[in-house]
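# Remarks on the overall topology
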Amino acid sequence: MAEIVIKTENLSFTYDDNEDAEKIPVLENFDIEIEKGTFVALLGHNGSGKSTLAKLFNLVLTPTSGNLYLFGKKIDENEITDDELYEIRRRVGMVFQNPDNQLVATIVEEDVAFGPENLGVSPAEIRERVDKALSLVGMKKYARHSPHQLSGGQKQRVAIAGIIACNPDIIIFDESTAMLDPVGRSEVMDTIEKLNREYGTTVILITHYMEEAARADRVVVINDGKKLLDGTPREVFTKTDILRGAGLSVPQTTMLMEELIKCGYALPNDALTPEEGASAIASILAEKEKVK
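Cut-offs and rules
Along each chain, numbering runs from 1 in the same order as the chain's sequence is written. In view of the model being predicted, local features appear only for residues whose pLDDT reaches at least 70, and side-chain atom pairs are presented and counted only at 80 or more, with totals across whole chains, interfaces and linings using the full set of residues. In computing side-chain properties, one takes all heavy atoms of the structure into account and sets aside hydrogens as well as water. A cavity, in this analysis, means grid points on a 1 Å lattice covering only the protein atoms where a 1.4 Å probe fits yet has no way out; a pocket is instead an open set bounded by protein on both sides within 12 Å along at least five of seven lines, and a residue lines either one if it has an atom within 4 Å of a point. Grid points are joined across faces, edges and corners, and a volume is the space filled by probe spheres set on the points. Only DSSP runs of H or I covering at least 4 residues are called helices, and only runs of E covering at least 2 are called strands; the numbering of each starts at the N terminus. Only strands that DSSP links by at least two bridges are regarded as paired with each other. Note on definitions: angles span 0 to 180 degrees between N-to-C directions of axes, and those axes are lines fitted to C-alpha atoms, for helices only across the stretch in contact. We call two residues in contact whenever any of their non-hydrogen atoms come within 4.5 Å of each other. Pairing of aromatic rings covers Phe, Tyr and Trp, the last through its six-membered ring, and needs centres within 6.5 Å; plane angles under 30 degrees mean stacked, over 60 mean edge-to-face, and all others mean tilted. Relative accessibility thresholds used throughout: buried, under 20% of the residue-type maximum; exposed, over 50%; partly exposed, between the two (1.4 Å probe, protein chains only). A positively charged side chain is recorded as over a ring if its NZ (Lys) or CZ (Arg) lies within 6 Å of the ring centre. The angle to the ring normal must also be within 35 degrees. What sets the label is the angle itself: under 35 degrees gives roughly parallel, over 145 gives roughly antiparallel, 65 to 115 gives roughly perpendicular, and the rest give oblique. Here is the rule for handedness: rotate from the far helix to the near one, and if that takes an anticlockwise turn smaller than a right angle the crossing is left-handed, while a clockwise turn gives right-handed. Under the scheme applied here, ten amino acids are nonpolar (Ala, Val, Leu, Ile, Met, Phe, Trp, Tyr, Cys and Pro), four are charged (Asp, Glu, Lys and Arg), and all others, including Gly, are polar.

## Considering the layout of surface pockets
- Its volume calculated, the largest pocket comes out at about 630 Å³.
- Considering the residues around the largest pocket, the lining is formed by 22 residues, among which Phe114, Gly115, Gly162, Ile163 and Cys166 are closest to the centre.
- For the lining of the largest pocket, the secondary-structure elements that each account for two or more residues are α2 (82–91), β6 (92–95), α3 (108–118) and α5 (152–164).
- The dominant element in the lining of the largest pocket, judged by the number of residues it contributes, is α3, at 4 residues.

Next comes the structure, spelled out in structure tokens:
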């Protein structure tokens, strides 16, 4: 049985910024279990609660009510020590939307070394971790470059390397491709998949790009603070009416198949990738040729 690294029970959270305003929960009675080594995509419209959930997983926020378990330990803000809090935040790394906000040094390898240095790691091990992290994200040849001279995708990969160098068990990507062009998004998604598939890192990806979510093992859809859908990409993206009702779209290939099915073509409604769509259409065309 796979190890459960994150678990919530009736988890709720309400921001307490405005004492006079009616306090509406951002998350309400939210239950989820995430297994070690899985790749989970979180989807939801703006304000649905997905980024708040990520901050709870990293203990940037603590629950208003309900239970949160991280690595088998129940989190109680009244009992958790500073050392335990520090260790959990190391084990649950976060990569944010704007890479420029995460870069702190003028040389790439110094930036990647910043986290381990603050963790008190020895210089020899820091050197090893930096080299390994930069190799993993394909940025080792830029080790002596200035981060601010890199492309957006390269900067984000350096930011990811900085998190990897801290040896986290889980990495949360909070719309980490939102500010990148298609090439940069592809570079970062390839890195995310490599982390998960080859190194076993548990990945939680928050994204508005359905094609990115389709690459995950599991897709969880949050709507107004509650879990709406939870399943494999194929299971979730066939529920097009529910997704659109929640203000979301579907992968472009799924959308194309949907329109062609409406036109009377016998095509699968669960194709996710361009390759799957092309293969399905090619089969239809081949059958038509046989009839001729």
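## What about the sheet that holds strand β10 (residues 226–231)?
- Read from one edge to the other, the open sheet built from 6 strands follows the order β6-β7-β8-β3-β9-β10, with strand pairing classed as mixed. At either margin of the open sheet sits one strand with a lone partner, and together these are β6 and β10. Averaged over neighbouring strand pairs, the angle between their axes works out to 20° when direction is ignored.
- Two elements, β6 and strand β7 (residues 170–174), share 4 bridges in a ladder whose sense is parallel. Paired with Gly93 across the bridge in β7 is Ile171.
- Packed on one face of the sheet, helix α1 (residues 50–57) meets β3 (39–43), β6, β7, β8 (202–206) and β9 (218–223) and runs near 150° to β8.
- Packed onto the sheet, helix α6 (residues 182–199) meets β3, β7 and β8 and runs at close to 135° relative to β3.

## Brief notes about the pairing of strand β4 (residues 65–70)
- Pairing analysis gives 5 bridges linking strand β1 (residues 4–13) to β4, with the strands arranged antiparallel. Across the sheet, the residue bridging to Lys7 is Tyr69, located in β4.
- Sheet topology places β4 next to strand β5 (residues 73–74); 2 bridges connect them, and they run antiparallel. Looking at the pairing, Tyr69 lines up with Lys74 of β5.
- Taken together, β4 and the strand that follows it, β5, pair antiparallel across an intervening segment of 2 residues, in which Phe71 is found at a positive phi of about 55°.

## Describing the packing of aromatic side chains
- Inspection of the entire model under this criterion finds 1 aromatic pair.
- Taken together, a centroid distance of 4.8 Å and an interplanar angle of 85° make the contact between Phe13 and Tyr15 edge-to-face.
- Residue classification places Phe13 among the buried residues on the basis of a relative accessible area of 7%.
- Lying across the ring of Tyr69, Lys7 places its NZ or CZ 5.7 Å from the centre.
- Taking NZ or CZ as reference, Arg91 lies 3.7 Å from the ring centre of Phe71, over its face.

## A look at unusual backbone geometry
- Positive phi, normally seen in glycine, also occurs at Phe71, with a value near 55°.
- Relative to the assigned elements, Phe71 resides in the loop between β4 and β5.
- One non-glycine residue with positive phi stands out, namely Asn167, at about 60°.
- With respect to the secondary-structure elements, Asn167 resides in the loop between α5 and β7.
- For Asn167, a relative accessible area of 41% puts it in the partly exposed group.

## A short note on the environment of Asn29
- Considering the arrangement of structural elements, one finds Asn29 in strand β2 (residues 27–35).
- Put simply, Asn29 and Phe114 are 85 residues apart on the chain and 38 Å apart in space, counted from C-alpha to C-alpha.
- Beyond its immediate sequence surroundings of up to four residues, Asn29 is in contact with Asn10, Leu11 and Ser12.

## Some points on the packing of α3 against helix α4 (residues 123–136)
- Remark: α3 packs on α4, axes separated minimally by 9 Å, with the N-to-C direction vectors making an angle of 125°. With respect to α4, the element α3 is oriented oblique. Read as a crossing pair, α3 and α4 show a hand that is right-handed. Across the interface between the two elements, Val108, Glu109, Val112, Ala113, Pro116 and Glu117 of α3 pack against Ile126, Arg127, Arg129, Val130, Ala133 and Leu134 of α4.
- Classifying every residue of the contact of α3 with α4 by side-chain character gives 8 nonpolar, no polar and 4 charged.

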